[in-house]
Amino acid sequence: MSIDFRVRVPLPSYRGAEFFTNFSDVEQRAARFGARISPWARTFSVADVIVEMDACGVSQAVVPMRKGCGGNNDELVTLLAQYPDRFIGMAGIAPLAGMEEAFSELDKYVISGHCAGVTLEPAFDPIPWHVDDERVFPLYEKLQENNVPVAFTYGGIFTPALEYYNPHAMDRVARLFPRLKIALCHGGWPHVTDFCEIAFNRGNVWLAPDMYMINAPGTPDYVLAANGILYDRMLLASAAPIISIADAVRNCRHCGIREDRLPFIMEKNAHEFLGL
């Protein structure tokens, strides 16, 4: 069995999101990676997500709540109550919308709630910000103090500006908060080598390259890292529905990752990062 670290489950607040509406564009993007979108993008059915997970041997999926896409943390709580053994929640927080609210949501949904960590999306928040913006440091400190892992959307083709994925800025955060567990969804792409170095050097950074593990520039370097220096800090992820869970799992098994490394990438590393 395995854990998919990034699945955008069809929740009511996502009904207008691009990956559930603009199918022609999303499908052509997936095709460029040699993949397909998940069938439940069209049915908008959580039950169909479970069907795909079961068909692929995925026992659990990490669900990042994306505030920039209109996501609502209360919907995530409802999902976790309905499917406590299948989904792992990462509450969405937009720190520059108000630090008092950010701390309140951290306590409500994670420290005193049922989410395993938080999701931060500097480039997509209502007020975009850079990861080393010192106004956000009190939040990092609170996360570190309470051993709350954080998944950043950091990398990829949808960014409004590449400057939001600066490797030097993330390296500074990882250095200043060495006990803060950081996962980078989209793996910091296209700065692949830089982020492999940061993950290896800092020791508190995990990479979840998701679609960029499939037929993308830099894919061979992620595979090399998974086989070698970062075998214990790479995470299987699909970014479903844009890349189907089926394609992500199949690629992970057949992209060249060694058999003895696969259990780490497909499940063990997620357990370690999330403290399961």
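The text that follows walks through the structure, step by step, so that each part is easy to find. (Residues numbered from 1 in each chain as written. Predicted model: local features only at pLDDT ≥ 70, side-chain atom pairs only at ≥ 80, totals over all residues. Heavy atoms only, no water.)

Take the packing of helix H4 (residues 73–82) against helix H5 (residues 99–111) next. Remark: H4 packs on H5, axes separated minimally by 11 Å, with the N-to-C direction vectors making an angle of 5°. Taken as axis vectors, H4 and H5 run roughly parallel relative to one another. Contact residues: H4 offers Asn 73, Asp 74 and Val 77, while H5 offers Glu 105, Lys 108 and Tyr 109. (Axes fitted to C-alpha atoms, helices over the stretch in contact; angles between N-to-C directions. Helix = DSSP H or I, 4+ residues; strand = E, 2+ residues; numbered from the N terminus. Parallel < 35°, antiparallel > 145°, perpendicular 65-115°, else oblique. Contact = heavy atoms within 4.5 Å.)

It is worth spelling out the sheet that holds strand S3 (residues 87–92) at this point. One open sheet holds the 7 strands; their spatial order is S1-S2-S3-S4-S5-S6-S7, and the pairing between them is parallel. Where the open sheet ends on each side, the last strands, each with one partner, are strand S1 (2–4) and strand S7 (205–208). The mean angle between the axes of side-by-side strands here comes to 25°, regardless of whether they run parallel or antiparallel. With respect to the sheet, helix H8 (residues 192–202) is in contact with strand S6 (182–185) and S7, its orientation differing from that of S7 by roughly 140°. (Pairing = 2+ DSSP bridges.)

Here we come to the pairing of S7. Both faces of S7 are covered, namely the face carrying Val 205 and Leu 207 and the face carrying Trp 206 and Ala 208. In this sheet, S7 lies alongside S6 in parallel orientation, the contact comprising 4 bridges. Across the sheet, the residue bridging to Ile 182 is Val 205, located in S7. For the crossover from S6 across H8 to S7, the handedness is right-handed. (Buried < 20%, exposed > 50% of the residue type's maximum accessible area, 1.4 Å probe, protein only. Right-handed = clockwise from strand over helix to strand, strands pointing away.)

Turning our eyes to something else, we now look at the packing of aromatic side chains. Under the definition given, this model contains 13 aromatic pairs. In this structure an aromatic cluster arises from ring pairing among Phe 137, Tyr 140, Phe 152, Tyr 154, Tyr 165, Phe 177 and Phe 195. The residue whose ring lies beneath Arg 42 is Phe 23, and the NZ or CZ to ring-centre distance is 4.6 Å. Sitting over the face of the ring of Phe 264, Lys 268 holds its NZ or CZ atom 4.8 Å from the ring centroid. (Phe/Tyr/Trp six-rings, centres within 6.5 Å; stacked < 30°, edge-to-face > 60°. Lys NZ or Arg CZ within 6 Å of the ring centre and 35° of its normal.)

Moving on, we come to helix H10 (residues 245–254). By the burial criterion, the buried members of H10 are Ile 245, Asp 247, Ala 248, Val 249, Asn 251 and Cys 252. On its buried face, H10 is in contact with S1, helix H2 (40–43), helix H3 (46–56), strand S2 (58–64) and helix H11 (262–274). Phi turns positive, to about 115°, at Gly 256, one or two residues after H10.

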